[in-house]
Amino acid sequence: MNGLRSPGVPILRLGDVLVTGLLNELDDRAAIAFTEELTERISAEGARGVLIDISRLEIIDSFVARTLMELTTVARLLGARVIVAGMRPPVAITLVELGIELVGVETALNPEQGLAALGWRQAPQPLEGARRGTSR
Amino acid sequence: MALPGESTLASHGPKRPARAEGRRPPAPAAYPVRTEEDLLTVRHAVRAATVAVGFGLVDQTRVVTAASELARNAYVHGGGGTVSLDYPREPSGRRGLRLTVTDEGPGIADLEAALTDGFTTGAGLGHGLGGARRLMDEFTVRTGPGEGTVVVVTRWAVR
Amino acid sequence: MRERLTRALQERDEEIADRWVELQMEQALLDTDIGEAELREEADALIEALVPGLQSGVPVDRVVTSTPGLHEAVVGLSMRRARAGATPTATSLAVLAIKEALLKAVQRDTRDAEELFASAVFMNRLLDVAGALSFETYVEGREEIIRRQSQQLMEQSTPVVRLWRQVLAVPLIGTLDTARTQVVMENLLQAIQDHEALVAIIDITGVPTVDTAVAQHLMQTVNAVRLMGADCVISGVRPSIAQTIAQLGIDLSTILTRATLADALAAAIKLMDGPGPDGDEGDGR
């Protein structure tokens with residue numbers, strides 16, 4: 001694999017929130033490239049919130065954990081709040097046993113809830129199939 | 001935390017032939033850790049091995065994560081190394097997966113400190129060794145200044 | 001010596017097996033429901049496996065451990081005894097009883113005292129290893145059974161119940177050790193994902209004491225729940241436990257605790273309708 005490519009998940013913009021995700025095949029260079037690209041976009045577009053879907057990550061080791069923490073810190077310095085959504089149960093258990101606390105990183109069960117926390121609202125009362133959010 | 005059986009760590013070739021000992025497949029295998037891509041390869045191989053041994057999803061994640069930490073240690077601190085997999089079996093039939101991570105780097109001068117959380121001399125969080133120890137059932141490490149490092153970890157399947 | 005024994009095994013296999021089964025029955029070593037037919041089957045298998053072992057040329061005291069079929073026969077036999085509830089002593093004595101049956105068979109071929117003595121010594125060296133192996137296997141077999149049972153027990157004794165829309169509860173009963181914590185975490189986190197739960201209540205009414213280790217395990221569980229994006233409330237904190245926690249200087253201050261399950265549910269519901277978008281666990285710890 002050529003490490004200079006972007007990590008593969010596009011960064012979408014929904015109002016003042018950036019939405020993106022991480023892929024499982026994340027190597028170190030891809031992680032660094034991801035951080036750089038996201039940081040640039042936050043700054044260039046004046047994003048207020050960032051949602052990172054990590055539901056596809058099958059493991060989080062200390063390197064990925066550190067990447068997420070640094071990203072959160074950098075984003076906060078640039079005025080954006082980061083929410084990491086969709087961590088898999090085995091990943092959460094392993095992280096805790098590994099002794100890693102994602103200090104400062106906010107989490108949400110899934111992207112919908114993460115977006116809600118960032119100020120997006122779901123349509124009427126959320127039954128199972130509720131989908132589209134509208135800007136506040 | 002003694003290991004059942006002797007771990008063979010002598011030579012340091014990138015690939016070592018499998019030892020057959022009346023065990024059932026999969027055969028032991030060794031993977032070099034020289035580049036970042038190798039780290040991904042190791043993760044894939046370890047994941048496949050955990051599936052072959054019959055680990056549940058959480059145990060699979062524990063072992064792959066521990067492998068990732070140890071392989072990264074060998075890559076970052078040891079200047080590259082080898083990750084070998086083999087499959088110990090207790091007489092009772094309980095199966096396990098053993099990882100032997102070897103490097104010929106500078107070794108660890110203060111092992112006690114390296115096993116304490118937060119100790120790090122490179123990238124990462126310093127959870128590599130201590131974390132891997134918590135994620136596995138058995139853990140031994142052999143190291144010393146100038147001697148390289150050999151970490152042997154085993155996780156047993158719960159049935 | 002080897003040839004003599006091999007010949008006896010080949011020619012008198014029936015006889016040896018009969019005698020061995022008979023000895024085991026006589027000694028009433030097996031206070032179990034292993035029947036004569038099964039004993040006979042085991043005997044046939046073991047005797048059959050002994051022949052290639054003896055012919056292999058391996059040193060006598062390693063024959064049992066290094067002949068695959070033989071090793072398996074001894075291990076299999078011992079595991080069955082362990083499962084059937086025989087004692088470890090009875091199990092290895094039963095294995096060792098084959099020596100007597102063998103010696104009897106050799107005795108039919110020779111009456112020479114010296115040769116018989118040499119045969120007996122040879123058999124001891126050959127089969128004492130089997131006795132030891134049997135004992136070892138037995139112990140491991142029991143351990144395996146105990147492990148499996150406690151695992152099952154743990155899984156049954158940590159039900160996750162849904163109390164409210166998006167509120168789950170786990171009543172913990174008994175102590176919270178590492179293995180138990182792993183099971184609780186696994187069940188709870190999976191349930192959180194399945195039900196898209198926002199709050200998990202861990203009820204410790206049934207936990208007799210909280211020491212540093214238990215507190216640490218509780219913290220781990222809470223941390224894992226938070227990583228999933230849900231929040232945690234601990235309920236059932238009795239006065240005595242609260243005192244212990246204070247005396248031990250355990251810091252549970254980042255965790256919401258309540259005295260009863262009802263209080264915890266009220267707190268959980270409040271957490272959910274509460275502060276709104278900005279009121280999420282701000283520090284992520």
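Rules and cut-offs
Residue numbers restart at each chain and count upward from 1, following the sequence in its written direction. For naming, the first written chain is A and the first written ligand is 1, with later ones following in the order written. With the structure being a predicted model, the display of local features is reserved for residues of pLDDT at least 70 and the display and counting of side-chain atom pairs for 80 or more, all residues being used for whole-chain, interface and lining totals. Hydrogens are left out, water is left out, and the side-chain values use all remaining heavy atoms of the structure. Helix and strand labels come from DSSP, where a helix needs a run of H or I of at least four residues and a strand needs a run of E of at least two; each type is numbered from the N terminus. Each residue is placed in one exposure class: buried if its accessible area under a 1.4 Å probe, protein chains only, is under 20% of its type's maximum, exposed if it is over 50%, and partly exposed if it falls in between. Every residue pair with non-hydrogen atoms within 4.5 Å of one another is taken to be in contact. Aromatic pairs are defined between Phe, Tyr and Trp rings, using the six-membered ring for Trp, whenever the two ring centres lie within 6.5 Å; interplanar angles under 30 degrees are classed as stacked, those over 60 as edge-to-face, and all others as tilted. Criterion for a charge above a ring: Arg CZ or Lys NZ at most 6 Å from the ring centre, at most 35 degrees from the ring normal. Joining two parts hides part of their accessible area as seen by a 1.4 Å probe, and the buried area is that hidden amount summed over both. The term salt bridge refers to a pairing of a side-chain nitrogen on Lys or Arg with a carboxyl oxygen on Asp or Glu at a separation within 4 Å. The span you would expect from a helix comes to 1.5 Å times its residue count less one. Polar contact is defined as a pair of N or O atoms within 3.5 Å, subject to the rule that within protein one atom must be able to donate a hydrogen and the other to accept it, and that residues adjacent in sequence are counted only when both atoms are side-chain atoms. When DSSP locates at least two bridges between a pair of strands, those strands are taken to pair. Only the stretch in contact is used when a helix axis is fitted, and all axes are lines through C-alpha atoms; the angle between N-to-C directions ranges over 0 to 180 degrees. Every angle not falling under 35 degrees, over 145, or within 65 to 115 is termed oblique; those three ranges are roughly parallel, roughly antiparallel and roughly perpendicular. Crossings are classed by handedness, with left-handed meaning an anticlockwise turn of the near helix from the far one by less than a right angle and right-handed meaning a clockwise turn. Under this grouping Gly is polar, as are all residues other than the nonpolar Ala, Val, Leu, Ile, Met, Phe, Trp, Tyr, Cys and Pro and the charged Asp, Glu, Lys and Arg. Buried Ala, Val, Leu, Ile, Met, Phe, Trp, Tyr and Cys residues form a nonpolar core when they are joined through side-chain atoms within 4.5 Å. Values of pLDDT, the confidence the predictor places in each residue, fall between 0 and 100. Lining residues are those with an atom within 4 Å of a point, where the points come from a 1 Å grid over the protein atoms alone and group into cavities, where a 1.4 Å probe fits but cannot get out, or pockets, open sets with protein on both sides within 12 Å along at least five of seven lines. Grid points are joined across faces, edges and corners, and a volume is the space filled by probe spheres set on the points.

**Focus on the overall build of chain C**
Piece 1. Scanning chain C for helices and strands turns up 11 helices and five strands.
Piece 2. Burial analysis of chain C (285 residues in total) assigns 46% to the buried set.
Piece 3. Contacts spanning at least 24 positions in sequence make up 75% of the contacts within chain C whose residues lie at least 6 apart.

**Overview of the packing of aromatic side chains**
Piece 1. Going through the model one piece at a time under the given rule, you end up with zero aromatic pairs over all chains.
Piece 2. Of note, R133 of chain B hangs over the ring of F139 of chain B, and the distance from its end group to the ring centre comes to 5.8 Å.

**Let's talk about the interface of chain A and chain B**
Piece 1. Across the boundary between the two partners, chain A contributes 24 residues, which contact 24 residues of chain B.
Piece 2. With both sides pooled, the region where chain A packs onto chain B buries about 2200 Å², and carbon together with sulfur makes up 53% of that total.
Piece 3. Contact with chain B buries area across many residues of chain A, yet I59, E97 and L98 of chain A alone supply 26% of it, more than any other trio.
Piece 4. Across the contact surface, chain A and chain B share five salt bridges.

**Remarks on helix α5 (residues 68-84) of chain C**
All names here are of chain C.
Piece 1. The end-to-end C-alpha distance of α5 is 24 Å, a good match for the 24 Å that 17 residues give at a rise of 1.5 Å each.
Piece 2. All buried positions along α5 are accounted for by L70, A73, V74, V75, G76, L77, S78, M79, R81 and A82.
Piece 3. Just beyond α5, the residue with positive phi is G85, at close to 90°.

**What about the interface of chain C and chain A?**
How large an interface is tends to be reported as the accessible area lost when its parts come together.
Piece 1. Contacts between chain C and chain A engage 27 residues on the former and 23 residues on the latter.
Piece 2. For the pair chain C and chain A, the summed buried area comes to about 2000 Å², and 56% of that belongs to carbon and sulfur atoms.
Piece 3. Across the contact surface, chain C and chain A share zero salt bridges.
Piece 4. Counting across the chain C and chain A interface gives three residue pairs in polar contact (both at pLDDT 80 or more).
Piece 5. The set of elements that each furnish at least two residues to the side of chain C that touches chain A consists of α8 (178-195) and α9 (212-227) of chain C.

**So, the pairing of strand β5 (residues 149-156) of chain B**
Residues and elements named next belong to chain B.
Piece 1. Burial of β5 is extensive: eight of the eight residues sit out of reach of the surface.
Piece 2. Burial along β5 is two-sided: the residues T149, V151, V153 and R155 and V150, V152, T154 and W156 are all buried.
Piece 3. Inspection of the sheet shows strand β3 (residues 96-103) paired to β5 by eight bridges, in the antiparallel sense. Looking at the pairing, R98 lines up with T154 of β5.
Piece 4. Where strand β4 (residues 138-143) and β5 come together, six bridges link them in antiparallel fashion. When the bridges of β5 are listed, R142 appears paired with V150.

**A short note on the packing of helix α3 (residues 36-55) of chain C against α5 of chain C**
Residue and element names in this part refer to chain C.
Piece 1. Taken N-terminus to C-terminus, the directions of α3 and α5 make an angle of 160°; their axes are 8 Å apart at the nearest point. In this view, α3 runs roughly antiparallel relative to α5, as classed from their interaxial angle. In terms of crossing hand, the pair formed by α3 and α5 is left-handed. Contacts from E38, L39, E42, L46, A49 and L50 in α3 reach G69, L70, A73, V74, L77, R80 and R81 in α5.
Piece 2. Taken together, the residues of the contact of α3 with α5 sort by class into eight nonpolar, one polar and four charged.

**Points about the nonpolar core**
Piece 1. Counting 105 residues, the largest nonpolar core has I60 of chain A, L97 of chain B together with I192 and I204 of chain C as the members making the most contacts within it.
Piece 2. For I192 of chain C, the contacting residues outside a window of four places in its chain are L109 of chain A together with L168, A197, A200, V225, M228 and A230 of chain C.
Piece 3. V21, L39, M79 and L133 of chain C belong to the second-largest nonpolar core, a separate cluster that totals 40 residues.

**Some words on the sheet that holds strand β1 (residues 12-14) of chain A**
Residues and elements named next belong to chain A.
Piece 1. On the basis of which strands lie adjacent, the open sheet formed by five strands has the order β1-β2-β3-β4-β5 and mixed pairing. Each edge of the open sheet carries a strand with a single partner, namely β1 and β5 (106-108). Adjacent strand axes in the sheet meet at a mean angle of 25°, parallel and antiparallel pairs treated alike.
Piece 2. Pairing geometry for strand β3 (residues 49-53) and strand β4 (residues 81-85), over five bridges, is parallel. The residue bridging V50 from the neighbouring strand is V82, located in β4.
Piece 3. Its contacts with the sheet place helix α1 (residues 28-45) against β1, β2 (17-21) and β3, and it is angled at close to 165° to β2.

**With respect to the confidence of the model for chain A**
All names here are of chain A.
Piece 1. Of the residues in chain A, 82% have a pLDDT of 70 or more, and the chain-wide mean is 84.
Piece 2. Below pLDDT 50 for its whole length, residues 1-5 participates in five contacts with residues either more than four positions away or in separate chains.
Piece 3. Every residue in residues 126-136 is under pLDDT 50, and counting partners more than four places away or in other chains gives 14 contacts.

**Digging into the sheet that holds strand β1 (residues 161-164) of chain C**
All names here are of chain C.
Piece 1. Spatially, β1-β2-β3-β4-β5 is the arrangement adopted by the five strands of the open sheet, whose pairing is mixed. Every interior strand has two partners, whereas the edge strands, β1 and β5 (256-258), have only one. Geometrically, the sheet is characterised by an average inter-axis angle of 30° between neighbouring strands, direction not taken into account.
Piece 2. Sheet analysis places strand β4 (residues 231-235) next to β5, joined by three bridges and oriented parallel. Its bridge partner lying in β5, V233 is registered against L256.

**Overview of helix α1 (residues 36-53) of chain B**
Every α-helix winds through 3.6 residues per turn, so residues three or four apart in the chain are directed the same way.
Residues and elements named next belong to chain B.
Piece 1. For α1, with 18 residues, the first-to-last C-alpha span of 26 Å sits near the 26 Å given by 1.5 Å per residue.
Piece 2. Where α1 is concerned, the buried positions are E36, D38, L39, L40, V42, R43, A45, V46, R47, A49, T50 and V53.
Piece 3. Taken from the residues just after α1, G54 is the one with a positive phi, measuring 95°.

**Describing unusual backbone geometry**
Residues and elements named next belong to chain C.
Piece 1. At Q166, a residue that is not glycine, the phi angle is positive and equals roughly 65°.
Piece 2. Along the polypeptide, Q166 turns up in the loop between β1 and β2 (167-173).
Piece 3. Looking at Q166, the relative accessible area reads 16%, which means it is buried.
Piece 4. Of note in the backbone geometry, E196 takes a positive phi value of approximately 50° without being a glycine.
Piece 5. Tracing the backbone through its elements, the reader meets E196 in the loop between α8 and β3 (199-206).

**Observations concerning the layout of surface pockets**
Piece 1. Estimates place the volume of the second largest pocket at around 1100 Å³.
Piece 2. Taken together, 42 residues form the lining of the second largest pocket, with E97 of chain A, R62 of chain B together with T178, Q182 and M185 of chain C sitting closest to its centre.
Piece 3. Every element with two or more residues in the lining of the second largest pocket is listed here: α3 (89-98) of chain A, α2 (57-76) and β5 of chain B together with α7 (113-156), α8 and α9 of chain C.

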